[in-house]
Amino acid sequence: SCRAVEVEAVAADQQQQSKQKQQKQKQKQGKQQQQQKGGGKASEEAVTPKSEDFSRWYLDVVAKAELADYGPVRGTMVIRPYGYAIWESIQSYLDRRFKETGHQNAYFPQLIPYSFITKEAEHVEGFAPELALVTKGGGKDLEEPLVVRPTSETIINHMFAQWVQSYRDLPLLLNQWANVHRWEMRTRPFVRTLEFLWQEGHTAHATPEEAEAEAMKMLQVYKEFAVTQAAIPVIPGRKSRIESFAGANITYTIEAMMGDRKALQAGTSHNLGTNFAKAFNTQFVDEQQQLQYVHQTSWGMSTRMVGGIIMTHGDDQGLRLPPNVAPTQVVIVPIVKKDTDRASVNEAVDKLHVALKEAGIRVKIDGNDLKTPGWRYNYWELKGVPVRVEVGPRDVEQGACVLARRDVPGEAVTSEELGWDISVAVRPLYLRLSFGL
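Residues numbered from 1 in each chain as written. Predicted model: local features only at pLDDT ≥ 70, side-chain atom pairs only at ≥ 80, totals over all residues. Heavy atoms only, no water.

S.K.: Describe in detail the overall build of the chain, supporting the description with residues and values.
M.R.: Tallying secondary structure elements over the chain gives 13 helices and 19 strands in all. Split into buried and exposed, the 437 residues of the chain put 49% on the buried side. Pairs at least 24 residues apart make up 67% of the contacts formed inside the chain by residues separated by at least 6 positions. Within the structure as shown, the chain displays about 21900 Å² of accessible surface, and the carbon and sulfur contribution to it stands at 50%. (Helix = DSSP H or I, 4+ residues; strand = E, 2+ residues; numbered from the N terminus. Buried < 20%, exposed > 50% of the residue type's maximum accessible area, 1.4 Å probe, protein only. Contact = heavy atoms within 4.5 Å. Areas by Shrake-Rupley, 256 points an atom, 1.4 Å probe, with all protein chains shown as cover.)

In structure tokens:
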């Protein structure tokens, strides 16, 4: 049996090497074809193959797909419009789900008195190495250092202690969209940066059972988003004590497997118990007129999810975006070789554009005649647009066009599916793509 296992291993290794060789050869041929078509920047826009160097591939995709760039301060990033649009898709879904589950948005100050951080022993111990401190303001030394928000449990508890007096004030269900700073030593765009964007939910409850139910409910919201919107399979679970959030009784998480076979913590939900309530004296009078500490939760998902989408779905051509989070779901590429064909092609393209917009599909026309059709195909493949529609003079004559999924070759669409019914053909394509990812 050992011999059989060894033979299988050797065969698998040979198969993998053969596959990698074929991928490199295919990529080389693709570059040559693009250069022959007048693409102009094939060599500059080539993405390092995933199998060759996953980390370099990831950085290439982030840069070449115009998602983010490096900030002037080491460890920071500038989120470019296309990357921010993906984050807005994440925000849009989560914000709606938070409000559906009874939460309200609020905002708390970014600068937190250092004394607040020290009130909860585990919290200060866990975050001390990552804190950024402000010690001067207005040209003068501050009486007390201010912490640039690493998370908001402390300052929110300071306010909860003032707002919660009676059981009638509970539950208190809040969320804030904010930026946070953690002084990371090893950074990677979206995955781990000095500053990042996130949402952090904070709730207060009368009983431990309510707090536990809340923590689990929000973990389920994160799981739903990951699976139904980002098309990422995740495993919900409980963190070990040493990996739990500093100051939490229990930390729950959704973990996702990335393309490099490493797990990514994609969202967390914490049952804080009464730890912060005791530190800040956040109490209420219950129905028996007894003074009790509130039971709390906090939960968050950040721009790390954008990195997770890249690492889960991307390939050697660049991004592959699930349609639900794609800034552009369909791109229409008109193909005009003669000026005499321009009017008829543009008319057909405009009709398709209107039909798709009215169907609720995010659509864009790329009519850049300065670039060849091949260059434009490669560009939108790099950007991960789920569906491409190609329209040329012959297509107009035949009452048809070509639809191409990001991950499969194009296929002709019959005349009955054109015009105002184009969405009938496009929507199933990108739904199948989402499930296929």
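S.K.: Any details on helix α3 (residues 81–100)? Residues and values, ideally.
M.R.: The end-to-end C-alpha distance of α3, which contains 20 residues, comes to 28 Å, matching closely the 28 Å that a straight helix rising 1.5 Å per residue would cover. Backbone geometry just after α3 places G102 at a positive phi near 90°. (Expected span 1.5 Å × (residues − 1).)

S.K.: Lay out the pattern of salt bridges in plain terms, naming residues and giving numbers.
M.R.: One pass over the full model with this rule turns up 17 salt bridges. For R56, the salt bridge identified is with D60, shortest N-O distance 3.9 Å. Of this pair, R56 and D60 both sit in helix α2 (residues 54–64), separated by 4 residues, roughly a single helical turn. Residue R56 is classed as partly exposed on the basis of its relative accessible area of 41%. For D60, a relative accessible area of 11% gives the class buried. For R388, the salt bridge goes to E390, with nearest N and O atoms at 2.8 Å. You can call E390 buried: its relative accessible area is 12%. Through salt bridges with shared partners, a single network forms among R96, R97, E100 and E224. (Salt bridge = Lys/Arg side-chain N within 4 Å of Asp/Glu carboxyl O.)

S.K.: Tell me what's going on with the confidence of the model for the chain, and back it up with residues and numbers.
M.R.: Looking at the chain, the pLDDT average stands at 87 and 83% of residues meet or exceed 70. Every residue in residues 31–43 is under pLDDT 50, and counting partners more than four places away or in other chains gives 13 contacts. Of the regions scoring below 50 in pLDDT, residues 414–420 engages in 15 contacts with residues more than four places distant in sequence or in other chains. (pLDDT = per-residue confidence, 0-100.)

S.K.: Go over the side chain of T251, please, and point to the residues and values.
M.R.: Tracing the chain through its elements places T251 in strand β10 (residues 250–257). One polar contact links the side chain of T251 to the main-chain amide nitrogen of F245, over a distance of 2.8 Å. (Polar contact = N/O pair within 3.5 Å; in protein donor to acceptor, adjacent residues only side chain to side chain.)

S.K.: Please set out the sheet that holds strand β8 (residues 195–205) residue by residue, giving values where relevant.
M.R.: Whether parallel or antiparallel, the strands of a sheet pair through hydrogen bonds between backbone atoms. Spatial strand order, β3-β7-β8-β14-β11-β10-β9: 7 strands in an open sheet with mixed pairing. Both edges of this open sheet fall to β3 (104–105) and β9 (234–238), since each of them pairs with a single strand only. Both β8 and strand β14 (residues 295–302) contribute to a ladder of 8 bridges, which runs antiparallel. The residue of β14 that forms the bridge with H205 is H295. Sheet strands in contact with α3 are β3, β7 (172–181), β8 and β14, and its direction is about 165° off that of β7. Along the sheet, helix α9 (residues 304–313) contacts β10, β11 (263–273) and β14; its crossing angle with β11, the most-contacted strand, is approximately 145°. (Pairing = 2+ DSSP bridges. Axes fitted to C-alpha atoms, helices over the stretch in contact; angles between N-to-C directions.)

S.K.: Outline the environment of V330, supporting the account with residue identities and numerical values.
M.R.: Inspection of the secondary structure assignment puts V330 in strand β15 (residues 330–334). Taking the C-alpha atoms as reference points, V330 and L403, separated by 73 residues in sequence, lie 9.6 Å from one another.

S.K.: Summarise the nonpolar core; cite the residues concerned and give the values.
M.R.: Within the largest apolar cluster, 57 residues are counted, with the highest numbers of intra-cluster contacts made by L94 and I310. Apart from the residues within four sequence positions on either side, I310 is in contact with W57, Y58, V61, V62, L67, F190 and L319. Residues I112, F116, A204 and F280 belong to the second largest nonpolar core, which totals 24 residues. (Core = buried A, V, L, I, M, F, W, Y, C linked by side-chain atoms within 4.5 Å.)

S.K.: Mind laying out unusual backbone geometry, listing which residues take part and the relevant values?
M.R.: Look at the link from L170 to P171: it is a cis peptide, with omega at -5°. With respect to the element layout, P171 can be found in the loop between α6 (153–163) and β7. Phi is positive for N281, close to 60°, though the residue is something other than glycine. With respect to the secondary-structure elements, N281 resides in the loop between α8 (275–280) and β12 (283–285). The class of N281 is partly exposed, set by a relative accessible area of 45%.

S.K.: Explain the packing of aromatic side chains residue by residue, including any values.
M.R.: Remark: the centre distance and the inter-plane angle together describe each pair of aromatic rings, the angle taken between the planes. Applying the stated criterion to the full structure yields 11 aromatic pairs. Ring geometry for F196 and W198: centres 5.8 Å apart, planes at 90°, overall edge-to-face. Like W198, F196 is buried. An angle of 85° between the planes, with centres 4.9 Å apart, marks the rings of Y379 and W380 as edge-to-face. One exposure class covers both Y379 and W380, and it is buried. An aromatic cluster is built from W87, F98, W177 and W299, whose rings are joined through pairwise contacts. (Phe/Tyr/Trp six-rings, centres within 6.5 Å; stacked < 30°, edge-to-face > 60°.)

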